Amino acid sequence: MNRGRFIALEGGEGTGKSTQSRLLAEALQACGLDVVLTREPGGTPGAEAIRQLLLDPPGMGWGARAEALLFAAARSDHVEKLICPALERGAWVVCDRFVDSSRAYQGGAGGVGDEAVRALHAVGSDGLRPDLTVLVDVDPALVAARLAERDGDTSDAIGGRGAEYHAAVGTAFRRFAEGDPRGFAVVDGGGSIEEVQARIFAAVAPLLEGTA
Ligand code: TMP
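This section reports on the structure supplied with the text. Residue positions are given per chain, counting from 1 as you read along its sequence in written order. Under the rules for a predicted model, residues below a pLDDT of 70 receive no local features and side-chain atom pairs below 80 are neither given nor counted, while totals for whole chains, interfaces and linings still include all residues. As a convention, hydrogens and water are excluded, and side-chain values are obtained from all of the structure's heavy atoms.

**Brief notes about helix α2 (residues 45-55)**
Because the α-helix completes a turn every 3.6 residues, residues three or four places apart line up on one side. Residues Ala47, Ile50 and Leu54 constitute the buried set of α2. The buried side chains of α2 occupy one side of the element, clustering within an arc of 55° when seen end-on. Within α2, the exposed residues directed more than 90 degrees away from the buried face are Pro45 and Gln52. The contact criterion used throughout is that any non-hydrogen atoms of two residues lie within 4.5 Å. Runs of E in the DSSP output that reach at least two residues are strands. Runs of H or I that reach at least four are helices, and both are numbered from the N terminus. Buried positions along α2 lie against α3 (64-88). When a residue's accessible area, from a 1.4 Å probe over protein chains only, is under 20% of the maximum for its type it is buried; when over 50% it is exposed; and in between it is partly exposed. In this context, the arc is that of the directions from the helix axis out to the C-beta atoms.

**Regarding the site of the ligand**
Surrounding the ligand, one finds 14 residues, the nearest of these being Glu13, Arg51, Arg97, Ser102 and Gln106. Distance and chemistry together define a polar contact, namely a pair of N or O atoms within 3.5 Å, with one atom able to donate a hydrogen and the other to accept it when in protein, and with adjacent residues in sequence counting only for side-chain atoms on both sides. Contacts to the ligand include Arg51, whose side-chain N or O atom sits 2.9 Å from an oxygen atom. Within the side chain of Gln106, an N or O atom sits 2.8 Å from a nitrogen atom of the ligand. Notes on the ligand: free accessible area 480 Å², of which the protein chains cover 94%. Going through the elements one at a time, α2, α3 and α4 (99-109) are the ones with two or more residues in the shell around the ligand. The biggest single contributor to the shell around the ligand is α4, with 4 residues. A molecule or strand has a residue near it when one of that residue's heavy atoms lies within 4 Å. Only the protein chains shown count as cover for residues, with accessible areas throughout obtained via the Shrake-Rupley method and a probe of 1.4 Å.

**Focus on the packing of aromatic side chains**
In summary, the pairing rule links any two rings of Phe, Tyr or Trp, Trp by its six-membered ring, whose centres are within 6.5 Å, and it sorts them by plane angle into stacked for under 30 degrees, edge-to-face for over 60 and tilted for everything else. In total, this model carries 4 aromatic pairs according to the counting rule given. Summarising the aromatic geometry, the rings of Phe173 and Phe176 are spaced 6.5 Å apart at their centres and angled 85° between planes, so their arrangement reads as edge-to-face. A residue pair is termed a helical-turn pair when its members lie 3 or 4 positions apart in one helix, as Phe173 and Phe176 do in helix α7 (residues 163-179) at 3 residues. Judged by relative accessible area, which is 6%, Phe176 ranks as buried. Taken together, Tyr105, Tyr165, Phe173 and Phe176 form an aromatic cluster joined through their ring pairs. Put simply, a charge is over a ring when the Lys NZ or the Arg CZ is close to the ring centre, within 6 Å, and near the line of the ring normal, within 35 degrees. Positioned above the aromatic ring of Phe176, the side-chain terminus of Arg103 is 3.8 Å from the ring centre. Just above the ring of Tyr165 sits the side chain of Arg161; from NZ or CZ to the centre is 5.1 Å.

**Some words on the pattern of salt bridges**
Whenever a carboxyl oxygen of Asp or Glu lies within 4 Å of a side-chain nitrogen of Lys or Arg, that contact is scored as a salt bridge. With the rule as written, the count across this model stands at 13 salt bridges. For Asp137, the salt bridge goes to Arg174, with nearest N and O atoms at 3.4 Å. Taken together, the residues Asp137 in strand β4 (residues 132-137) and Arg174 in helix α7 connect sequence positions 37 residues apart. Relative accessible area serves as the criterion here: at 26%, Asp137 is assigned to the partly exposed category. Of the residues examined, Arg174 reaches a relative accessible area of 34% and is grouped as partly exposed. Put simply, Asp100, Arg103, Asp114, Arg118 and Arg129 are held in one network by salt bridges that share partners.

**Focus: the nonpolar core**
In these notes, a set of buried Ala, Val, Leu, Ile, Met, Phe, Trp, Tyr and Cys residues joined through side-chain atoms within 4.5 Å is what counts as a nonpolar core. Among the nonpolar cores identified, the biggest contains 22 residues, and Ile7, Leu28, Trp92, Val134, Ile200 and Val204 are the most heavily contacted of them. For this core, the elements supplying multiple residues, two or more each, are β1 (6-10), α1 (17-30), β3 (92-96), β4, α6 (140-151), β5 (184-188) and α8 (193-208). Element by element, the count of residues in this core is highest for α8, at 5 residues. Among residues more than four places away in sequence, those in contact with Ile7 are Leu24, Leu28, Trp92, Val93, Val94, Cys95, Leu132, Val134, Val204 and Leu207. The next biggest cluster of nonpolar side chains, apart from the first, holds 17 residues, and it includes Ile158, Ala172, Phe173 and Phe176.

**Observations concerning the environment of Ala91**
In this structure, Ala91 sits in the loop between α3 and β3. For Ala91 and Met1, which are 90 residues apart along the polypeptide, the C-alpha to C-alpha distance reads 9.9 Å. Leaving out residues up to four positions away in the same chain, Ala91 has contacts with Gly4, Arg5, Asp34, Val36 and Ala86.

**Quick word on the sheet that holds β5**
Pairing between the strands of a sheet is mediated by backbone hydrogen bonds and can be parallel or antiparallel. Sheet architecture is open: 5 strands sit in the order β2-β3-β1-β4-β5, paired in parallel fashion. Only two strands of the sheet have a single neighbouring strand rather than two, namely β2 (35-39) and β5. Sheet twist, expressed as the average angle between the axes of neighbouring strands with direction ignored, equals 20°. The axes are straight lines fitted to the C-alpha atoms, using for helices just the contacting stretch, and the angles between their N-to-C directions are given from 0 to 180°. Set on the sheet, α7 makes contact with β1, β4 and β5; between it and β4 the angle comes to about 135°. Strand pairing is defined by DSSP finding a minimum of two bridges between the two strands.

Function cannot be inferred from these measures alone, as they are strictly geometric.
Right under this line is the structure:
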């Protein structure tokens, strides 16, 4: 049995990643593949429990380093119990966010640093990288309008951080993609859901070669 492929969708808030992850998983299933659709933080019971702690924190909330550790712990459980077993049995895994979210949010915007986040990932998840990371890139003004429509004033502890924090997240994602053009596909997230879906599928299609 060939190992499956691991695809992560990344981007800031309100880029439509969750919808696009679902549509990508459906399109790959339609190609006859066994597909596991999952998300971070989350994907296993333990990681979903940590998600709750992260997005609705008790007491005074988490400091940047504690937050980075919690994301790494959630990811470790997710990788060990869901992602690796799925890939080993030949399934394709589509994940709504993965380690580059920790690098951008905690490492970049949160100030923990890229080296520290990568070190946590090495310990927690053997440094697992997706076969392809699709960065859904959306104009910040469009994102602000989408978020106002989606969240009103109900955003979570991380999504609700200031514009400066989220601008730093966007800058970090673009920097990662520029530094690793083979590992990333940057997709324009503007336009209709169908247009974005077609761009993402075109970016993923080369991975399908040789799997038929
Ligand atoms: P979601 O809105 O895509 O479900 O993600 C939940 C929030 O968690 C979102 O604000 C991004 C944030 N996040 C991090 O800060 N670091 C991470 O490693 C991950 C996976 C998500």
